[in-house]
Structure formats: structure tokens, C-alpha cells
There are 2 protein chains.
Amino acid sequence: MTDAFDSSTVDSELRENRDRHVTELQEFLRIPSVSADSRHHTDCRAAAKWVHDQMAACGFATETVETDGLPIVYAEWMQAPGAPTALVYGHYDVQPPDPLDEWTTPPFEPAIRDGCLYARGATDDKGQLFTHIKSVAAWLKVAGRLPVNVKFVIEGEEEVGSSNLDRFLADQKGWLACDIAVVSDTAQYGDGIPAITYGLRGILACEVTIRGPRQDLHSGVFGGAIANPANVLAQLIGSLLDDDGRIQVPGFYDDVVPLTDEERQAFAALPFDEHDFCQSLGIDAVSGETGYTTLERRWARPTCDVNGLFGGYSGEGPKTIVPATATAKITCRLVPDQDADKLTHALEQHLRERCPPGVRLEFSTYHGAPAVVCDTSSPYMAAARTAVEAGFGLPPVMIREGGSIPVVGSFKEILGADTLLLGWGRNSDNLHGPNEHFHLDDFHHGTLASAHLWAALNS
Amino acid sequence: MTDAFDSSTVDSELRENRDRHVTELQEFLRIPSVSADSRHHTDCRAAAKWVHDQMAACGFATETVETDGLPIVYAEWMQAPGAPTALVYGHYDVQPPDPLDEWTTPPFEPAIRDGCLYARGATDDKGQLFTHIKSVAAWLKVAGRLPVNVKFVIEGEEEVGSSNLDRFLADQKGWLACDIAVVSDTAQYGDGIPAITYGLRGILACEVTIRGPRQDLHSGVFGGAIANPANVLAQLIGSLLDDDGRIQVPGFYDDVVPLTDEERQAFAALPFDEHDFCQSLGIDAVSGETGYTTLERRWARPTCDVNGLFGGYSGEGPKTIVPATATAKITCRLVPDQDADKLTHALEQHLRERCPPGVRLEFSTYHGAPAVVCDTSSPYMAAARTAVEAGFGLPPVMIREGGSIPVVGSFKEILGADTLLLGWGRNSDNLHGPNEHFHLDDFHHGTLASAHLWAALNS
């Protein structure tokens, strides 16, 4: 390319309109687009429309595409012939907001306190997605064009497994062709330490219900003579981990690619204060698989976590029953090269083999996704380093993340594209928990970094 | 005593007014007197007043006595000098009605179907208590007197541990002096097999909460590096029972009085169809401590049942969190000579010793009560046999029960009185579960048996 792109006027535009962007983001956050709860699907559609209108207003050719579930907003600006094409992915849906009573201000009434914007979705992912929307809008307003071609795919089912996204990607493979994908749905390494994430864990998710008697029974009259579903469930769940934090499902570690010495050294070189980590979470000690550091456990080792446990009486006081059922929601984080389907099956087998007579075990699965580790030496990665440094004023550290973004695997598999994981948020932002928030500085720096990325990808 | 009491006119009175008694009972059942839920304490007081008015209308000297919790209704008719004194105990409070969606008709809108009265408390204990109220009312109406002196103690905290009853019994020891206590809060042995219960299991009740991080955390970002309260709880609960159904708390069986060969033979002689038992509960097999029959497991062996399990996300779909807390409600049924306090402490110790670092264990206790086994050869027991046969038309079988009625131990300890456990209900009445009901025939036969008991106790 012969053009030289000067980001400075775009920077000025973004600095001047910083407050307006926050106000617009608050509008987006007011929409309770909880995809896991079907009662909120109308709100999810309202969020899709809001995003659609934003993209169209930027000057992007925009379409809202129906799926078997919630719609996907697709937008493109393809007027940089010969330049690379970047595909921005984000999601307009959010996690359920409960426990509601732990929020200082209501989850869907965005509030600014101490330089942070509090709302469900503030960082995951409405706020982070919005940085890219505002950066392309600024380029088009100030320069009348973008340095590269940019496409957006914004879905509404990320928090429930993106079950209709892969089909969309496969069906629209030609339309979506790109050189590199860009996703801002991760975090900086720490306060003032911007990062590029080159690895993610995968996930498998399932729910196991133990069914005993037809209905709750008196524990005096029947207790001791029938299997208690809650006791059985506890025994089964208790069998999943040993005292060393090792998952006991047969074959669970067979396909795990061990950490290299180089990576272990790189992790160890990152600043990490275990005392501060514990304090920030309100725990008195870390815990996990024996033989690994906390960063290794979070980024590069598989897990088996119960996300929810329920059955029988949960009200005030005692209730002397044998509950009819008990349920656990379980997710396992996976690392290269573990296979979600294979391990889901192994987990189910492990539980079924241990399930005693007198109860029935029901097992259902949600989405699964493989772990991803990207090439850190690509030119796209170099452009991302330049852009992050320009936006945040510091060179980023290279990290992995413990979370899962299934779409990253799909981009590789279906579109043949690597993904730049550029997280503007922080792990302390309480994503998925009460009082989720986004630092306004991070929002602004992320928007600047995004604007620089388009130039850096064409230099 | 020189009087001869003729029960036949009382019988006629009770037969003629059978329907009216059902209508009156429905009134009582409409009051949602759920003692475990403080929002229903006004209703509990309304139930106390209803009972008070009934007793006063019979001609009993009646008082409602305040306690530190819900009031106790005390009533007496003491105009049979020289005759024995019976103390009837019952309770006007009921279990919580949930799960509400499993009730065919609402729990506090009594409905008659197929010869049964459906409502929370229909059998436990409003319906059974009411038989004694109607029998004394009939005697006083028809004969102008009762064959014996009768006192009533009707409390409102039975379902939450009767925590204020013992103090009342101790404080009013003189007032409450009696020769024999009468409690109808158990069941017949089976359909058409009336029974006298001579033994009850005791109980200990506690709640254990595992607290981890200050709030729910993202299971991708933090999973694997911090102890998960739900996983820890499951492991702790799973450690309570071994594969033979034996409780693993050290010392749990130390004080258990083994069943005698005679009792095992008597239990074995009772009709019991395991297939029918399983079918009636909707399970495919019984389960419990190895080496014991189902009746032995239900009546004479200790248990450790989880009554409720909750923590983390229980809504629709997945939610990828490490929950901040997880809780289990636990009750253990006890047998002679196990001590509730000692074993509660042992249970807490067992859990604390196994609780890993990184989480905190909170342990709280509810009421405890010892098991009771009564003398089957006393004259009171003989009177009860006569009365039950007169009411139900068949001689009763002698059984034990798996439930706990702490007051029976208190009557023995504080008042020095044995208790006649005359259960008019059935185990299939769904007491403590949804669709609790009372067979109208049982209600009527119980009322007749009660009327005969007063005569038989003075013959």
C-alpha cells in the first residue's frame, strides 16, 4: 500500500468524544440482553437492533441475520482494495445478573463510581466490543476511510455456547473471508499491564441430575431405607477430584500437552503477588493441582468446577425430607489438545459407573470448545503489539487466559484465520459476577488501541 | 372408680357429626401456620387462637401461653377426681409447603378427593390432633363429663424443633402433672393395619456452609486456582457415608443399642412387600446400611440424610462461575442410646478435619432429640390396644417409627410420663411432602378410638 495513515487526528477525535462514548455505552448496557434466560430474548433482539443501528450509522453495510436462536449482526467496510481484511468479533448478550442482592447498583442501570462504569456486560462484552465500533466510526468520520477492510460479526449467544454461530460461519464462509480476526473479550494482565492473550482454555459443560423418589419424602419415615439423591450427588461430585486437585475421570489428562519450560519461565517472570491475589478474592489461600503455580493452574491446566448445586429444601430453618432430586451444573476447562466431546463422554461414564441402585442419573450437555494457542511470531501479532502500546502507553506482555472463547477455534477451523485477543478489561472487573464494571480509562485506551490497530495492520 | 362409662352414645354422637368435623378441620387447615418461615408467624398465631377457641368451646379451661417464640395453648378438664390424668400433646404448626408446583390443589385450600382430605397439615398434625379435640367435645356434650382428667398441650414450633417447649414443660411441671401422655403424630402400620408405636428415632439437625471467594467468580479466569465451595461441600458430604451405607463420623455407632433377636423377628413377621414399597415411592430399589432389612433401616438404625443442597447458579442454562458459597442442610436420625449433642459435635469435627485450606466452614445446629423406646407391657398400653381396636375394628400391631417426636423424650424426662403414640394416619399420606392428605375414614376412626381411650384408661 502506498498510503500513509496518520492516526493522530483519529486520536484527537476519540479523546474529544470520550464522554459521549461512555454515554452511548450506557444506553447499550441498559438493555438486559441475558441470553441464558428465554424471558430476556426480546431484550436480546433489542440489543441486536441497537448494535445494527450503530454499525449502519458508522457507514458500514449492515445486516441482521436470523439464526435458529438469536440473530447475528454482520457489518462490513470493504473499500480498501489490496489491504488486509480484519474480522472483529463480539457479542451483545450478557451473563445472568444474579445474585441480584449483591449488586450495589442494579445490573441494568449503569452507574459510574470511582472512574468505573458498573453494569452487567460493562466489560463482558458490550464495553470491549464498543471500543471497536467507536474506533471505526472515528476513522470514517475523520479520514473518510479505514486503513484496512473491516468486518464485524456480533452475536447474541456467546454466554450460552454460541450454538448457532458455527453454522453461520460455515454458511457464510465466503462472505466472512479475512486475514485476521480481532476479539476483545479477555483482560489485561493486571492494573497498568496491558497484554495480548495468545492462549485460551477450552470448555465442556454439563448438568447431572440424580432422581430418587417421585417426590420429597419424610426423612424420618423413609430415611436410611432409600438412596438420598442429594447424598448420592455429593458422593459422585466428590469423586471427581482427588486431594491433589487431580481430576479422577479416566483418561482426562491423556491428551494434555505439557507446558514447555520456556512457557513456565515466561509465566514465572510475570509479576504475581499471591497474597494480593488472595486478598482481592477474599480467600485465605490458593488451592489447586499439586505441582503447578497459580498462573499455570489458571491458564494451562484443566479444571472441573461445580457452577451450581441444588436439590431439596433451601429455605429458612430445617426441613426433614429426603429430596426427590439433586442437580449439579459442571464445567471443565480444557487445555491443548483435550477434546470436549470425548471428555464429556468420559465424565458421564465416570458418574454412571459410580451411581448406586435406587436412583436414576440424568446427564445433559451444553456447548464444548477446544483450547487455543496462537502463533506469537506472526506480523499480525506485531501489529497488535504496536497498537496496544500506542493505546495504553506501554508495551503489552504476552499471556494466556483461563477462560474459553469458542469462536477463536471456529475462526481457525472454518475461516483459516488466527485471532488477536486484545483484552482491554481487567480480571478484577467481576465479569460473570455481581458488580461487573469497566474502568473508563481502559475503555478509552482500548478505543485508541483499536484505532491504531487498523493502521498498524497496513504498515 | 365406681362409675361405668358407656361409650356407645359418644360413638353415636361422633358418627352423626362426622361431616361437620371434616368441615371444621378444613377451617383449621386453611391457616398457613408454617413455623419455619417467619413471614407466616402471624398465621401461626391465628392457628393458636383457633385451637384456643375450640378448646374453650368444649368446656376446657384454656390458656394461651406466650413463649420466646410461638405460643402454646394449654387446656384442661380436671373434674374426675381420683381418675388418671392424660396429657394430650399436638402441634398447630405445619411444614413449609414447597415444592408448591407439585401440589394438585393448593396446600392451604383443603380439598376432598377419593375419600381423602388434601392440605398441608391434614395429617401432620392438625387432623390427628383434632380427633382428640372432637372426642373430648363429644364426651362433654353427651355425658357431661370425661372418664378421666384430660390436659392438652398444643404447641406451634414442632416443625422447627420445639425450642420453647421444654422450658414450658419444666416451668409448668406441677400444672402439667399427668399419668400418661397421648400423642397422635405417627402412622398406622399400613392400609387397614392400625398400630401402636412404641419406639421413635431421635434426631440431630445442622447446616454446613462452605464459604470461598467474596463473591461468585468467573470459572475460566479463576477456576483451578482457588478452592470451589461447591466441590468442597460435595467432597465433605460424600465423606459421610461409605459404600455400605455406614456413617463415617468417628464414634457414630458407639452408643447404638443393637436390635434384639425378638425385635428383629417381630419386624420380620409384619407384612412388608418391598416391590410395593418401591413402586409406591417411584424407585427401582431400596438402599441402605448393609446387613439390615428395610424396616430395621427405617425404625432402628441411624441415618445421615442431606435435606437440602444449594449454592451457585440454579437457573436455566449454564453459568460459568465458581460459586462464593455452598450449603447443605443435614439431619441424622438417631436410635437408643445415641446422644444428639455428642454426635452433632462429632459430625462437625469430621467435616472440619476434612475441610481444605482456601475455604471457611460454617456450622450451625437446629434442635436435637434422643430416640425413645416405651414399655409395651404397661396398663396404659393395654388401654390403648382396647381403644384402637374399638375405633378401627381391628387389634393394633406393635411397631416402631423412623421419625422423631422430641416431646416424647421430654415427657419422660421432665414429667416422668410415658407416651402412647397412637397414629391414625398412614405413611403414604405424604406428610412433609406435596399433596399431604388424611383419609377421612382414618380421621373418623381415630376420633372414635380417642373417645374409647378415655373410658379404657379408667376401667
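Computed from a predicted structure; not experimentally measured.

Definitions and limits used
- Residues numbered from 1 in each chain as written.
- Chains lettered and ligands numbered in written order.
- Predicted model: local features only at pLDDT ≥ 70, side-chain atom pairs only at ≥ 80, totals over all residues.
- Helix = DSSP H or I, 4+ residues; strand = E, 2+ residues; numbered from the N terminus.
- Rg over C-alpha atoms; globule rule 2.2 N^0.38 Å.
- Buried ≥ 20, exposed ≤ 12 C-beta atoms within 10 Å, placed from the backbone.
- Contact = placed C-beta atoms within 7 Å.
- Pairing = 2+ DSSP bridges.
- Axes fitted to C-alpha atoms, helices over the stretch in contact; angles between N-to-C directions.
- Nonpolar A, V, L, I, M, F, W, Y, C, P; charged D, E, K, R; others polar.
- Core = buried A, V, L, I, M, F, W, Y, C linked by C-beta atoms within 7 Å.
- Expected span 1.5 Å × (residues − 1).
- Arc of directions from axis to C-beta.
- Parallel < 35°, antiparallel > 145°, perpendicular 65-115°, else oblique.
- Left-handed = near helix turned anticlockwise from the far one by under 90°.
- Least-squares fit on C-alpha atoms with pLDDT ≥ 70 in both.
- Domains from an automatic or database assignment.
- pLDDT = per-residue confidence, 0-100.

1. Describing the overall build of chain A
- Of regular secondary structure, chain A possesses 13 helices and 18 strands.
- Relative to the 2.2 N^0.38 estimate, which gives 23 Å for 459 residues, the radius of gyration of chain A is 23 Å and therefore close to what a compact globule would have.
- Projected onto the principal axes, the alpha-carbon positions of chain A cover approximately 80 × 50 × 45 Å.
- Within chain A, the fraction of its 459 residues that count as buried is 58%.
- In chain A, 79% of the contacts between residues at least 6 apart in sequence involve partners at least 24 apart.

2. Things to note about the sheet that holds strand β13 (residues 325–334) of chain B
- Pairing within the open sheet is antiparallel, and its eight strands lie in the order β14(A)-β9(A)-β13(A)-β11(A)-β11(B)-β13(B)-β9(B)-β14(B). At either margin of the open sheet sits one strand with a lone partner, and together these are β14 (360–369) of chain A together with β14 (360–369) of chain B. Within this sheet the neighbouring strands show an average axis-to-axis angle of 15°, counted without direction.
- The sheet contact formed by strand β9 (residues 202–211) of chain A and β14 of chain A spans eight bridges and is antiparallel. Bridge pairing links I203 of chain A to A369 of chain A in β14 of chain A.

3. A word on the interface of chain B and chain A
- Listed per partner, the contact involves 83 residues of chain B and 83 residues of chain A.
- When grouped by side-chain class, the residues that make up the side of chain B that touches chain A number 33 nonpolar, 35 polar and 15 charged.
- Pairing geometry for strand β11 (residues 305–312) of chain A and strand β11 (residues 305–312) of chain B, over five bridges, is antiparallel. What sits directly across from G308 of chain A, in β11 of chain B, is G312 of chain B.

4. Concerning the nonpolar core
- Counting residues in hydrophobic clusters, the biggest one holds 272 residues, and the most contacted among them are L87 and V182 of chain A together with L87 and V182 of chain B.
- Aside from chain neighbours lying at most four places away, what touches L87 of chain A is K151, V153, L176, C178, A181, V182 and A417 of chain A.

5. Let's talk about helix α10 (residues 340–354) of chain B
Residue and element names in this part refer to chain B.
- In this model α10 runs 21 Å from its N-terminal to its C-terminal C-alpha over 15 residues, within 8% of the 21 Å that 1.5 Å per residue would give.
- Among the residues making up α10, those that are buried are A340, L343, T344, L347 and L351. One face of α10 carries all of its buried residues, which in axial projection span an arc of 110°. In α10, the exposed positions that point more than 90 degrees away from the buried face belong to D341, R352 and E353.
- Residues of α10 that are buried in the fold lie against β9 (202–211), α6 (229–238), β13 and β14.

6. A look at the packing of helix α4 (residues 126–142) of chain B against helix α13 (residues 440–456) of chain B
Residue and element names in this part refer to chain B.
- Interaxial distance between α4 and α13 falls to 8 Å at its minimum, and their mutual angle equals 50°. When the axes of α4 and α13 are compared, the pair comes out oblique. In the crossing of α4 with α13, the sense of the turn from one axis to the other is right-handed. Counted together, G127, Q128, T131, H132, K134, S135, A138 and W139 of α4 and F443, G446, T447, S450, A451 and W454 of α13 form the full contact between these two elements.
- Its residues placed into classes, the contact of α4 with α13 shows five nonpolar, eight polar and one charged.

7. Side note on the relation of the copies chain B and chain A
- Note on the copies: chain B fits chain A at an RMSD of 0.1 Å, the axial shift is 0.0 Å, and the rotation between them is 180°. One copy is carried onto the other by what is essentially a two-fold rotation axis.
- When you check the interface residues of chain B against chain A, 100% turn up at the interface there too, and the contact is symmetric in its surfaces.

8. Side note on the domain arrangement of chain A
Residue and element names in this part refer to chain A.
- Taken as a whole, chain A is organised into domain 1 (8–200 + 372–456) and domain 2 (202–256 + 302–369).
- When each unit is reduced to the centre of its C-alpha atoms, the spacing between domain 1 and domain 2 is 35 Å.
- Contact with domain 1, which involves eight residues of that partner, is made by seven residues of domain 2.
- Here the side of domain 1 that touches domain 2 is composed, by residue class, of two nonpolar, six polar and no charged.

9. Some words on unusual backbone geometry
All names here are of chain B.
- Along the chain, D98 connects to P99 via a cis peptide bond; the corresponding omega equals 0°.
- Looking at the element boundaries, P99 is found in the loop between β3 (85–91) and β4 (111–113).
- In the segment running from P336 into D337, the intervening peptide bond is cis, with an omega of 0°.
- Residue placement: D337 occurs in the loop between β13 and α10.

10. Some details on the sheet that holds strand β18 (residues 437–439) of chain A
All names here are of chain A.
- Ordered in space as β4-β5-β18, the three strands form an open sheet in which the pairing is antiparallel. Each of the sheet's edge strands pairs with one partner strand only, and the pair in question is β4 (111–113) and β18. Across this sheet, the average inter-strand angle for adjacent strands is 25°, counted without regard to direction.
- With three bridges joining them, β4 and strand β5 (residues 116–118) adopt antiparallel strand pairing. Looking across to β5, one finds that I112 is bridged to L117.

11. Some points on α6 of chain B
- Within α6 of chain B, ten of the ten residues are buried, which leaves it mostly tucked inside the rest of the structure.
- Regarding α6 of chain B, the residues found buried are P229, A230, N231, V232, L233, A234, Q235, L236, I237 and G238 of chain B.
- Among the structural elements, α6 (229–238) and β11 of chain A together with β9, β11, β13 and α10 of chain B are those in contact with the buried residues of α6 of chain B.

12. Things to note about the environment of L394 of chain A
Residues and elements named next belong to chain A.
- Relative to the elements of secondary structure, L394 occurs in the loop between α11 (379–392) and β16 (397–401).
- For the pair formed by L394 and G192, sequence separation is 202 residues and the distance between their alpha carbons is 8.3 Å.
- The residues contacting L394, other than those within four sequence positions of it, are P194 and E389.

13. Here we look at the environment of F5 of chain B
Residue and element names in this part refer to chain B.
- Residue position: F5 is located in the segment before α1 (8–16).
- Given 18 C-beta atoms within a 10 Å radius, F5 is considered partly exposed.
- Setting aside residues up to four positions removed in sequence, F5 forms contacts with P147, A455 and N458.

14. Considering the packing of α1 of chain B against α4 of chain B
Residue and element names in this part refer to chain B.
- Contact geometry of α1 with α4 gives a least axis separation of 9 Å together with a crossing angle of 120°. The angle between α1 and α4 falls in the class oblique. You can see that α1 and α4 cross each other, and the crossing is right-handed. Listed contacts from α4 to T9, V10, E13 and L14 of α1 are K134, A138, W139, K141 and V142.
- When the residues that make up the contact of α1 with α4 are grouped by side-chain class, the tally is five nonpolar, one polar and three charged.

15. Quick look at the pairing of strand β6 (residues 149–155) of chain B
Residue and element names in this part refer to chain B.
- Most of β6 sits out of view: seven of its seven residues are buried.
- Burial of β6 is two-sided: the residues N149, K151, V153 and E155 facing one way and the residues V150, F152 and I154 facing the other way are all buried.
- Pairing between strand β2 (residues 72–77) and β6: five bridges, direction antiparallel. What sits directly across from Y74, in β6, is V153.
- In this structure, β3 lies alongside β6, joined through seven bridges in parallel fashion. Counterpart to G90 in the pairing with β6 is I154.

16. Things to note about the confidence of the model for chain A
- Put simply, chain A has an average pLDDT of 95, and 99% of its residues get 70 or more.
- The ipTM for the predicted assembly is 0.81, set against a pTM of 0.81.

17. Regarding the environment of S428 of chain A
- Relative to the assigned elements, S428 of chain A resides in the loop between β17 (418–421) and β18.
- Sequence separation between S428 of chain A and L281 of chain A is 147 residues; the distance between their C-alpha atoms is 8.9 Å.

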